[in-house]
Amino acid sequence: MSYQPLLMSFDEAAELSKDLGKETLLGKALTRDIALVKSYIEEVGIEVPGHGEAGGYEHNRHKQNYIHMDLAGRLFLITKDEKYRDYIVDMLTAYATVYPTLESNVSRDSNPPGRLFHQTLNENMWMLYASCAYSCVYHTLSEANKRQIEDDLFKQMIDMFVVTYAHDFDIVHNHGLWAVAAVGICGYAINDQSAVDKALYGLKMDKVSGGFLAQLDQLFSPDGYYMEGPYYHRFSLRPIFLFAEAIERRQPDLDIYHYNDSVIKTTTYSVMATAFPDGTLPALNDSSKTISINDEGVIIATSVCFQRYEQSDTLQSMANHQQDVWVHACGQTLSNSVANATEIKPFSWGSLFLTDGPEGEKGGVTILRHRDEKDDDTMALLWFGQHGSDHQYHSALDHGHYDGLHLSVFNRGQEVLNDYGFGRWVNVEPKFGGRYIPENKSYCKQTVAHNTVTVDQKTQNNFDTATAESRFGQKHFFVTDNQSLQGMSGSISEYYEGIDMQRSVLLAELPEFEKPLVIDVYRIVADKEHQYDLPVHYNGQIIRTDFEYQVEPKLKALGQDNGYEHLWNVGKGNVEAGSLITWLQGDSYYSLVTSGCDKAELIFARTGAKDHDFNLRSEPALIHRQSGQNHVFASVLETHGYFNESIEASIGARGLVESVEVLGHNEAATVVSIKTTTGNVYRYAISNLAEEHQAAKQSVSFAGETFEWNGAFALV
């Protein structure tokens, strides 16, 4: 038999069938998928709904139809049960019967509509998965079956994507990836090499203006980072790997997995490596707080990378965390490896710096990771890349947030200093049609919604996308060769007129502390005096402070615009000598100790103001408000203690850090002092010189005392 299904040969399917009923990762995935398809067929059967709103019943029914067709296709090959084959044929025939008569759906934004969905992106996804299912039953169909399904469904869909919406097909963007992958996979499934070639090389067939190869060449930085952030990056993995696997099987001469120095591997590892220790992906730009490495695209990528690239311990650890594999030959290889392993450690990609921009010239993201003897990971992330929008596609798809030098921290299984993420009701049709809510722009994108400095209660780059796209941060240093003292630093310039900012974060392991201290030194150089607000977004219950504060008797918003209108002013206190705040989150205590200055205030805030539709989550924030010209915020985040309400246990509720002081700062260096309740004093020097001048021996004097050290930073 010459015809082979797109993603799985008949011989591979026979091998996969050996895991049926087993307790391996693959066996469990098969058991789950069999139950899902059985339930769907019995409860829904064959239904082709009409048009509906984004996230509504019709939308979800079309989506569930293609998901279950795809599952049924692989299950048919593996189990040889004809009910799966019949389900796919009946469903595709039902769609082919009505598709030619359908008018375009109604678009609610700038995305062009399909005939099934409100935007062609979803139509691309439908065709991709339906084509995979079709290839699984192709060898069983009569010529009449093939002609109806191909002529009245798939060919009309291809024509819509490459002719009607040709102006979108060649766009290098994550939506463009889905378009070319869908057309290419469908072309393979129906033996239309002309469609495949358009998908590979673009409509001009030049491999530059469009097509899958152009996407792989142009979409990512040299380190594989995607400008829109991990949320949209992981969304790109499905079309990349599904199309790549089809290419590898149908056109192996292209050697797609090693194309452009194995860019598929590079970009996949890039998104995987940003994950928090619990697997959640950080919310850089428009991002869901619930997307993790358990996403379907990451699961597929983990399985394929393990077979196609390297059988590494890290990928094995990823699969063990996911407790899932792709139902595929690659997934079987990984499943067997996990089953045969004697010990699998929690996954960790270590500390790393990922560049942003097509040449790696537009800043990036730095991540520090520290693992203790209990395999608990502390992770700090500093963001200073380019604005995460892509205006060559659609101006409405500006997913960028205005938060240069944002800081996130994670340890003990939870995000400690957090990012709000996007404001969107995904697939909740009664709530704004499942789309981005107005507060996504008025709050979530605003600088104050992130853990970085706002100046005079304004948003960076005046909340102007064109301005933001013209600017980007730069790495100041990134040094991780000493596990006990790692450091990262980034800078941004002119995000506010006349102001430069540099943020340095050290992860310091010291004998008297339970966990590494997160030392945060935020330096501002300005042409005149300003008000500086440093928000800290956290979750938990305030336990104690070392300053007096007043609770507002009547709630009112902190401001009128730039996101401040959505923050309730809950209370405030004067903190000229600095501040200490301890909160309880889960079973851990966290103390944030921050330096002070003349007329310094600490504001207790909470989201929810001017939110008449109750769209925003109610979450607390601390805002350190200080004024000056050239200025430094110095803070230390200490993790300590243990709390268990069920057994009435509280240990170490008071941390050891007592105060943080800025001893001095200038163009050469910043020196901060950390005093503990045990009488110890730790002083850290951070170089403010350009990176090429940091390696030499450095010296700085403040208040008559001279500090000397080597490198970008040091304990002095």
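Residues numbered from 1 in each chain as written. Predicted model: local features only at pLDDT ≥ 70, side-chain atom pairs only at ≥ 80, totals over all residues. Heavy atoms only, no water.

- Going by the annotation in an unreviewed UniProt entry, the name recorded for the protein is Heparinase II/III family protein, with Vibrio algarum given as the source organism.
- For the protein, the Subcellular location (unreviewed entry) comment in UniProt is given as "Periplasm". (UniProt positions renumbered as here; feature names shortened; annotations may be inferred.)

### A short note on a negative patch on the surface
Here is step 1: On the surface, a cluster of negative charge is made up of Glu-494, Glu-497, Asp-500 and Asp-527.
Here is step 2: The topology assignment puts Glu-494 in strand E8 (residues 485-496).
Here is step 3: Overall, Glu-494 belongs to the partly exposed group, its relative accessible area being 31%. (Patch = residues over 30% accessible without salt bridge, like charges linked within 9 Å, V, L, I, M, F, W, Y side chains within 5 Å. Areas by Shrake-Rupley, 256 points an atom, 1.4 Å probe, with all protein chains shown as cover. Salt bridge = Lys/Arg side-chain N within 4 Å of Asp/Glu carboxyl O. Lys, Arg positive; Asp, Glu negative; His and termini not counted. Charge placed at Lys NZ, Arg CZ, Asp CG, Glu CD. Helix = DSSP H or I, 4+ residues; strand = E, 2+ residues; numbered from the N terminus. Buried < 20%, exposed > 50% of the residue type's maximum accessible area, 1.4 Å probe, protein only.)

### Details of the pairing of strand E3 (residues 377-383)
Here is step 1: In terms of residue burial, E3 counts as a mostly covered element, since seven of its seven residues are buried.
Here is step 2: Of the two faces of E3, the one lined by Asp-377, Met-379, Leu-381 and Trp-383 and the one lined by Thr-378, Ala-380 and Leu-382 are each fully buried.
Here is step 3: In the sheet, strand E2 (residues 364-371) pairs with E3 via seven bridges, with the strands oriented antiparallel. Note that in E3 the partner of Thr-366 across the bridge is Leu-382.
Here is step 4: Hairpin remark: E2 followed by E3, antiparallel, with five residues in the connecting loop; positive phi at Asp-375, about 65 degrees.
Here is step 5: With five bridges joining them, E3 and strand E4 (residues 406-411) adopt antiparallel strand pairing. In the strand pairing of E4, Ala-380 is matched with Val-409. (Pairing = 2+ DSSP bridges.)

### Topic: the pairing of strand E24 (residues 681-687)
Here is step 1: Counting buried residues along E24, five of its seven residues qualify, which places the element largely inside the surrounding structure.
Here is step 2: For strand E23 (residues 669-676) and E24, the ladder comprises seven bridges, and the chain directions are antiparallel. In the sheet register, Lys-675 faces E24, and the bridge partner there is Val-681.
Here is step 3: Between E23 and E24, which pair antiparallel and follow one another directly, the connecting turn spans four residues, one of which, Gly-679, has a positive phi of 95 degrees.
Here is step 4: Of the pairings in the sheet, the one linking E24 to strand E27 (residues 713-715) comprises three bridges and is antiparallel in character. Within the sheet, the bridge partner assigned to Ala-685 lies in E27 and is Ala-714.

### Digging into the sheet that holds E8
Here is step 1: One open sheet accounts for eight strands, arranged E7-E8-E9-E10-E19-E16-E15-E12; its pairing is antiparallel. Each having just a single partner strand, strand E7 (474-479) and strand E12 (541-545) make up the two edges of the open sheet. Averaged over all adjacent pairs, the angle separating strand axes in this sheet is 15 degrees, with direction ignored.
Here is step 2: Of the pairings in the sheet, the one linking E12 to strand E15 (residues 579-585) comprises four bridges and is antiparallel in character. In the sheet register, Thr-545 faces E15, and the bridge partner there is Ile-581. (Axes fitted to C-alpha atoms, helices over the stretch in contact; angles between N-to-C directions.)

### Remarks on the packing of aromatic side chains
Here is step 1: One pass over the full model with this rule turns up 27 aromatic pairs.
Here is step 2: Ring centres 4.5 Å apart and planes at 55 degrees place the aromatic pair Tyr-95 and Trp-126 in the tilted group. Highlighted residues: Tyr-95 in helix H4 (residues 82-98) and Trp-126 in helix H5 (residues 120-137), separated in sequence by 31 residues.
Here is step 3: Relative to Tyr-232, the ring of Tyr-231 lies with its centre 4.9 Å away and its plane at 85 degrees, an arrangement referred to as edge-to-face. Judged on exposure class, the residue Tyr-231 and its partner Tyr-232 are both buried.
Here is step 4: Sitting over the face of the ring of Tyr-138, Lys-146 holds its NZ or CZ atom 4.0 Å from the ring centroid. (Phe/Tyr/Trp six-rings, centres within 6.5 Å; stacked < 30°, edge-to-face > 60°. Lys NZ or Arg CZ within 6 Å of the ring centre and 35° of its normal.)

### A look at unusual backbone geometry
Here is step 1: For Met-205, which is not glycine, the phi dihedral falls at a positive 60 degrees.
Here is step 2: Turning to its location among the elements, Met-205 is positioned in the loop between helix H9 (193-201) and helix H10 (212-218).
Here is step 3: Judged by its relative accessible area of 43%, Met-205 falls in the partly exposed class.
Here is step 4: Phi at Asp-255 is positive, roughly 45 degrees, even though this residue is not glycine.
Here is step 5: Residue position: Asp-255 is located in the loop between helix H11 (230-250) and helix H12 (259-272).
Here is step 6: The partly exposed category is assigned to Asp-255, whose relative accessible area is 35%.

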